[in-house]
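Chain residues, written in single-letter form:
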Amino acid sequence: MSDPWRNFSLAWLDGPPINWTGLARRAPAAIVVYCTLLFVLRLFLSRFMEIDEAQFVGEVQLAWNYGNSHPPLYNWLVRLALELTQWNWVFSVALVRLSLLGLYHWLCFDTARRLAGDRAGILALAASAFLPQIVWMSIQTTAHTILVIAAAIGIVHSLALLRSGRSSSAFVWFGIWASVGALAKYNFFIFLVSFLLAAAMTPGIRRQLFQRSMGISIAIFAAAFAPVAIASLSAPLEASAGRMAKLNSTIDYLESFDLPHFGVDGLLSLAISTMLWAGPAFVIFFIGRTRDHPRPAPDGDAEVRILLLRTILIGLAGFAALVFVGDYHSVAERYMAPILAPTAILLALWLPQGLGARNVLAISAAFYTLAPIAVAVIALFGTARFNFPFDAVAQSIHAQNPVPARIVSNRQDDAANIAALLRWPPERGEAGDIVLVWQENDEPPETGGLPADAKPVGPITRVTAPIRNYRGKLRTFNFQRFSSALPLPDPNSGG
């Protein structure tokens, strides 16, 4: 007796050959449609900012370095978007992030296609569906991370241009992408150094890359990064390297491996983050090839494949050495972003799919579809922080006293959302008055930053309102206003 499900499975797997060329022609449009739908979904889910989006409130004045040890490029992009949208915060931060996500997908697709043809380009897009930092985190949060990922892929894209004979434009783009990465996040240098070392170890690429025309790239990079480097060297060390302290955070389940003076637990954390970042994609691609006998040979140029593999391995080895010698304890997945950025391209070249391609494409399409649905379900029916009733708090603060004041909270996204709704500092400047805001179960914010002569000018006020989604669970905030003898700014002065 025949098995209908088995017959269906065999018909699916053994159907007509996949039209890779047709899929490749449609891929750029599909990327635009996908990112546009994500953008519309984001605007529908909430008119408030989640924590990574809120970090830019008060951090968009023109500067060479910003808080949290960040270079300036992402903040500049947010400021540009704000100016274009008349300071619509949610629209602006979502537009920047999702545009960069679309740029990553296009660069990934076009790089693999240039290196190994249409099949590689489509498989690189499919592999990205199995990278949690791309298919899940980048559609709901992250900021600088997606920019540094795009910059790393941009470097590889420049190599693809160089290998195709477009040497002049390749070196220009190499300099531009190196500048973008350096101005995005300082850990980009781990990738850039690893890439250059891997290129130096690969004879054909070494001869092609390290030539006189590389001076164009160096000149572009030097002109773009010099002001930031000077500003960073002039600032205290913690201003540019402060985020390294986050590597010192301990992980409970790894504390038993914490040996004195050496970061053994940090190495384990790095290995776990690496597997979570790239492991699912590798497993799915490896399984996809099990139906092929013989299996398809790796695609594209062997030297490029080796270069990409060496880049990742050198980056991992260097980071591992830093963690071990520095006795660091934890490595978050996002810290692996520049090192593992070429993963999708590497898988498309090293593990091309034959009979298993249909399954890989179907699963990737499901991941691309289910991830936004899951984000929407959490936002609409859960207790997502970006749906807390910030508007009710802002209205109450304004009703009590409409004079602009600086919003201070022990949760940065609380203060940022309220300030942005009120159009008060820290959105665009400073103010003499301060309003402390805290949630019901939290302690009031520290008052050490208040002027010595600051006095409360209003009672502690409680605001209880439902979360702005279908769940409607009540959330309570408290606030209290303080003022000092310092002159207050004129609310009509535009400051």
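Counting starts from 1 at the beginning of each chain's written sequence and moves along it residue by residue. Since the coordinates come from a predicted model, pLDDT governs what is reported: local features require at least 70, and pairs of side-chain atoms require 80 or more to be given and counted, while whole-chain, interface and lining totals use all residues. Side-chain descriptors were evaluated using all non-hydrogen atoms of the structure, hydrogens and water having been removed beforehand.

### A word on the packing of aromatic side chains
A pair of aromatic rings is counted whenever rings of Phe, Tyr or Trp (Trp by its six-membered ring) have centres within 6.5 Å, and the orientation is called stacked for planes under 30 degrees apart, edge-to-face for over 60 and tilted otherwise. All chains considered together, the criterion is met by 22 aromatic pairs. On the numbers, 6.3 Å between centres and 45 degrees between planes, the contact of phenylalanine 388 with phenylalanine 390 is tilted. Each member of the pair phenylalanine 388 and phenylalanine 390 is classed as buried. Through pairs of rings, three or more aromatic residues link up here, namely Phe174, Phe188, Phe189, Phe191, Phe195, Phe221 and Phe225. Burial classes: relative accessible area under 20% of the type maximum marks a residue as buried, over 50% as exposed, and values in between as partly exposed (1.4 Å probe, protein chains only).

### A closer look at helix H5 (residues 89-116)
Elements are defined by DSSP. Helices are runs of H or I of four residues or more, strands are runs of E of two residues or more, and each kind is numbered from the N terminus. By this rule, a helix spans an expected 1.5 Å times one less than how many residues it contains. Taking 1.5 Å of rise per residue, 28 residues should cover 40 Å, and H5 covers 41 Å from first to last C-alpha, within 8% of that figure. Among the 28 residues of H5, 20 are classified as buried, and the element is accordingly described as predominantly covered. Just past H5, the residue glycine 117 takes up positive phi, approximately 100 degrees.

### Notes on the confidence of the model for the protein chain
The quantity called pLDDT is the predictor's confidence in a given residue, expressed from 0 to 100. The share of residues in the protein chain with pLDDT of 70 or more is 91%, and the mean pLDDT across the chain is 89. Element-level pLDDT for the protein chain is lowest in helix H1 (residues 4-13), with a mean of 50, against a maximum mean of 98 in helix H6 (residues 118-128). Whether two residues are in contact is decided by their heavy atoms, any of which lying within 4.5 Å being enough. Overall, residues 8-12 carries pLDDT values under 50, and its contacts beyond four positions in sequence, including any with other chains, amount to three contacts. With pLDDT under 50 throughout, residues 487-495 is counted as low confidence; its partners more than four residues away or in other chains account for ten contacts.

### Digging into the packing of helix H2 (residues 20-45) against H6
Orientation of H2 relative to H6, taken along the N-to-C sense of each, is 45 degrees, at an axis distance of 8 Å. By the criterion of interaxial angle, the relationship of H2 to H6 is oblique. Between H2 and H6 lies a crossing of left-handed hand. Contacts between H2 and H6 involve Trp20, Thr21, Leu23, Ala24, Ala27 and Ile31 from the first element and Asp118, Arg119, Ile122, Leu123 and Leu125 from the second. Any residue that is not Ala, Val, Leu, Ile, Met, Phe, Trp, Tyr, Cys, Pro, Asp, Glu, Lys or Arg is counted as polar, Gly included; the first ten are nonpolar and the last four charged. Looking at the contact of H2 with H6 residue by residue, the classes come out as eight nonpolar, one polar and two charged. Whenever a helix is involved, its axis is fitted only over the stretch in contact; in every case the axis is a line through C-alpha atoms, and angles between N-to-C directions fall within 0 to 180 degrees. Angle categories: roughly parallel below 35 degrees, roughly antiparallel above 145, roughly perpendicular from 65 to 115, and oblique for all the rest. Here a crossing is taken to be left-handed if its near helix is turned anticlockwise relative to the far helix by less than a right angle, and right-handed if that turn runs clockwise.

### Re the environment of leucine 37
By the element assignment, leucine 37 lies in helix H2. Owing to a relative accessible area of 56%, leucine 37 belongs among the exposed residues under this scheme. Sequence spacing of leucine 37 and alanine 160 is 123 residues, and the spatial spacing of their C-alpha atoms is 30 Å.

### As for the environment of isoleucine 378
Position of isoleucine 378 among the secondary structure elements: in helix H18 (residues 357-381). Not counting the four nearest positions on each side in its chain, isoleucine 378 is found in contact with Trp136, Thr383 and Ala384.

### Re the pairing of strand E2 (residues 433-439)
Summarising burial for E2: seven of the seven residues are buried, a large majority. Residues Asp433, Val435, Val437 and Gln439 of E2 are buried on one face, and the alternating residues Ile434, Leu436 and Trp438, pointing to the opposite face, are buried as well. In short, DSSP must find at least two bridges between two strands for them to pair. Pairing between strand E1 (residues 405-409) and E2: five bridges, direction parallel. Directly across from alanine 405, in E2, lies its bridge partner aspartate 433. Bridging between E2 and strand E5 (residues 474-483) involves six bridges; their strand directions are antiparallel. Each residue of the ladder has a partner; that of valine 437, found in E5, is phenylalanine 479.

### Regarding helix H4 (residues 73-84)
Between its terminal C-alpha atoms H4 stretches 17 Å, which fits the 16 Å expected from twelve residues at 1.5 Å a residue. Buried within H4 are the following residues: Leu73, Tyr74, Asn75, Val78, Ala81 and Leu82. Tucked inside the fold, the buried residues of H4 contact H5, helix H8 (144-163) and helix H9 (167-182).

### Description of the packing of helix H14 (residues 264-288) against helix H15 (residues 302-325)
As a packed pair, H14 and H15 sit with axes 8 Å apart at the nearest point and diverge in direction by 150 degrees. Put simply, H14 runs roughly antiparallel to H15. Classified by chirality, the crossing of H15 by H14 is right-handed. Listed contacts from H15 to Val264, Gly266, Leu267, Leu270 and Thr274 of H14 are Leu316, Phe319, Ala320, Val323 and Phe324. Classifying every residue of the contact of H14 with H15 gives eight nonpolar, two polar and no charged.

### Let's talk about unusual backbone geometry
Its identity as a non-glycine residue notwithstanding, tryptophan 87 has a phi of 60 degrees, on the positive side. When you line up the elements, tryptophan 87 lands in the loop between H4 and H5. Under the relative-accessibility criterion, tryptophan 87 is labelled buried at 9%. The phi torsion at threonine 142 lies on the positive side, around 70 degrees, for a residue other than glycine. Looking at where threonine 142 falls in the secondary structure, it is placed in the loop between helix H7 (132-135) and H8.

### What to know about the pairing of E5
Burial of E5 is extensive: eight of the ten residues sit out of reach of the surface. As defined by bridge partners, strand E3 (residues 455-456) adjoins E5 across two bridges and the pair is classed as antiparallel. Bridge assignment links lysine 455 to a residue of E5, and that residue is serine 483.

### Considerations on the pattern of salt bridges
Here the idea is simple: oppositely charged side chains can pair when their charged atoms come close. Whenever Lys or Arg places a side-chain nitrogen within 4 Å of a carboxyl oxygen from Asp or Glu, that contact is recorded as a salt bridge. Considering all chains together, one arrives at 15 salt bridges under this definition. With its nearest N and O atoms 2.8 Å apart, the salt bridge here joins arginine 97 to glutamate 53. In this pair, arginine 97 is assigned in helix H5 and glutamate 53 in helix H3 (residues 51-54), connecting sequence segments 44 residues apart. Judged on exposure class, the residue arginine 97 and its partner glutamate 53 are both buried. With its nearest N and O atoms 3.5 Å apart, the salt bridge here joins arginine 163 to glutamate 303.

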